[in-house]
Amino acid sequence: DQQVKQNSPSLSVQEGRISILNCDYTNSMFDYFLWYKKYPAEGPTFLISISSIKDKNEDGRFTVFLNKSAKHLSLHIVPSQPGDSAVYFCAAREDSNYQLIWGAGTKLIIKP
Amino acid sequence: SAVISQKPSRDICQRGTSLTIQCQVDSQVTMMFWYRQQPGQSLTLIATANQGSEATYESGFVIDKFPISRPNLTFSTLTVSNMSPEDSSIYLCSVGMGNYGYTFGSGTRLTVV
């Protein structure tokens, strides 16, 4: 039972354009969502998060949108840069539980 | 955020042997976690390493196969015992940083032959 789903295994975007990575979840008890970025041979690095009481959180080129009614969140990267090429993981957590539930990841490729 | 030193970074092991992975954190942390990422899969939590008591294992993982030590608030080890090719994965340690996310070690890429 996959509680967090990233349905696109990979995404290719032209440099300078917007990258949109999507994530769906099934557990309505999740109240905190995080995005991580992972380069090969490195551990995941925290990127941005959003609480369920918000619908948008922005940090520089990165914006996360949360649609609770649709149980959907997305990460927007604009403008996309070559260094953004990595695997992006969506993760979710219930407030009562420190355990993160992870999506399978989306490999983002930024084309020059 | 905390800095985690994880080693070894990779290893190739014979089936039936065991490998111990170490994680050293540069500050005291309450919660340390061990994850596994099988090829093409998401991260799966193996266990939460508790200082001074037994680790708390997730469904599908047992202490005999993945013994964990947590002798203090800055260090933990995970052993993968009696390895088989199915244990070939990336193993990651992580510390909880509250609402600012979790910090991960660089991972150990294990190949069992």
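Each chain carries its own residue numbering, running from 1 in the direction its sequence is written. Written order determines the labels here, with chains lettered from A and ligands numbered from 1. With the structure being a predicted model, the display of local features is reserved for residues of pLDDT at least 70 and the display and counting of side-chain atom pairs for 80 or more, all residues being used for whole-chain, interface and lining totals. For side-chain calculations, the full set of non-hydrogen atoms in the structure is used, while hydrogens and water are omitted.

Side note on the environment of Ile18(A)
Moving on, step 1. Helix and strand assignments follow DSSP, with helices taken as H or I runs no shorter than four residues and strands as E runs no shorter than two, numbered in order from the N terminus. Position of Ile18(A) among the secondary structure elements: in the loop between β2 (10–14) and β3 (19–25).
Moving on, step 2. For Ile18(A), a relative accessible area of 41% gives the class partly exposed. Accessible area is worked out with a 1.4 Å probe on protein chains only. A residue is then buried under 20% of its type maximum, exposed over 50%, and partly exposed in between.

Things to note about a nonpolar patch on the surface
Moving on, step 1. Here, patches come from residues exposed beyond 30% relative accessible area and free of salt bridges, joined within 9 Å for like charges and within 5 Å for nonpolar side chains (Val, Leu, Ile, Met, Phe, Trp, Tyr). Exposure was quantified through the Shrake-Rupley algorithm and a 1.4 Å probe, taking into account, for residues, occlusion by the shown protein chains and nothing else. A pair is scored as a salt bridge if a Lys or Arg side-chain nitrogen falls within 4 Å of a carboxyl oxygen belonging to Asp or Glu. A cluster of nonpolar side chains, contributed by Ile18(A), Ile20(A) and Val78(A), occupies part of the molecular surface with about 220 Å² of accessible area.
Moving on, step 2. Counting through the fold element by element, Val78(A) comes out in the loop between β8 (72–77) and β9 (86–94).

A look at the interface of chain A and chain B
Interface size is commonly expressed as the accessible surface area that is lost when the partners come together.
Moving on, step 1. Listed per partner, the contact involves 18 residues of chain A and 19 residues of chain B.
Moving on, step 2. Buried area is understood as the total, over both parts, of accessible area removed when two parts are fitted together, assessed with a 1.4 Å probe. Interface area, chain A with chain B, both sides summed: about 1500 Å², of which 58% is carbon and sulfur.
Moving on, step 3. Of all residues in chain A, Tyr98(A), Gln99(A) and Trp102(A) bury the most surface against chain B, accounting for 34% of the area lost on that side.
Moving on, step 4. Linking chain A with chain B are zero salt bridges.
Moving on, step 5. Any pair of N or O atoms that falls within 3.5 Å is considered a polar contact. Within protein, one atom must be able to donate a hydrogen and the other to accept it, and sequence-neighbouring residues count only if both atoms are side-chain atoms. Counting the contacts that link chain A with chain B gives three residue pairs in polar contact (both at pLDDT 80 or more).
Moving on, step 6. Broken down by secondary-structure element, the contributors of at least two residues to the side of chain A that touches chain B are β4 (30–38), β5 (45–51) and β9 of chain A.
Moving on, step 7. With four residues, β4(A) is the largest single contributor of residues to the side of chain A that touches chain B. We call two residues in contact when some of their heavy atoms are within 4.5 Å.

A word on the state of the cysteines
Residues and elements named next belong to chain B.
Moving on, step 1. The term disulfide is used for any two cysteine sulfur atoms that are within 2.5 Å. The final tally for this structure, using the stated rule, is two disulfides over all chains.
Moving on, step 2. Between the sulfur atoms of Cys23 and its disulfide mate Cys93 the distance is 1.6 Å. Residues Cys23 and Cys93 are joined through a disulfide that is left-handed, its torsion about the S-S bond being -80°. Taken together, the positions of Cys23 in strand β3 (residues 19–25) and Cys93 in strand β9 (residues 89–96) put the pair 70 residues apart, joining distant regions of the chain. In terms of burial, Cys23 and Cys93 fall into one category: buried.
Moving on, step 3. Looking at the unpaired Cys13, the closest cysteine sulfur is the one in Cys23, lying at 16 Å.
Moving on, step 4. Relative accessible area serves as the criterion here: at 9%, Cys13 is assigned to the buried category.

What to know about the sheet that holds strand β1 (residues 4–5) of chain A
Moving on, step 1. What makes two strands pair is DSSP finding at least two bridges between them. Spatially, five strands are ordered β1-β3-β8-β7-β6 (chain A) in an open sheet, and the strand pairing comes out antiparallel. Edge positions in the sheet fall to β1 and β6 (56–59) of chain A, since each of these pairs with one other strand and no more.

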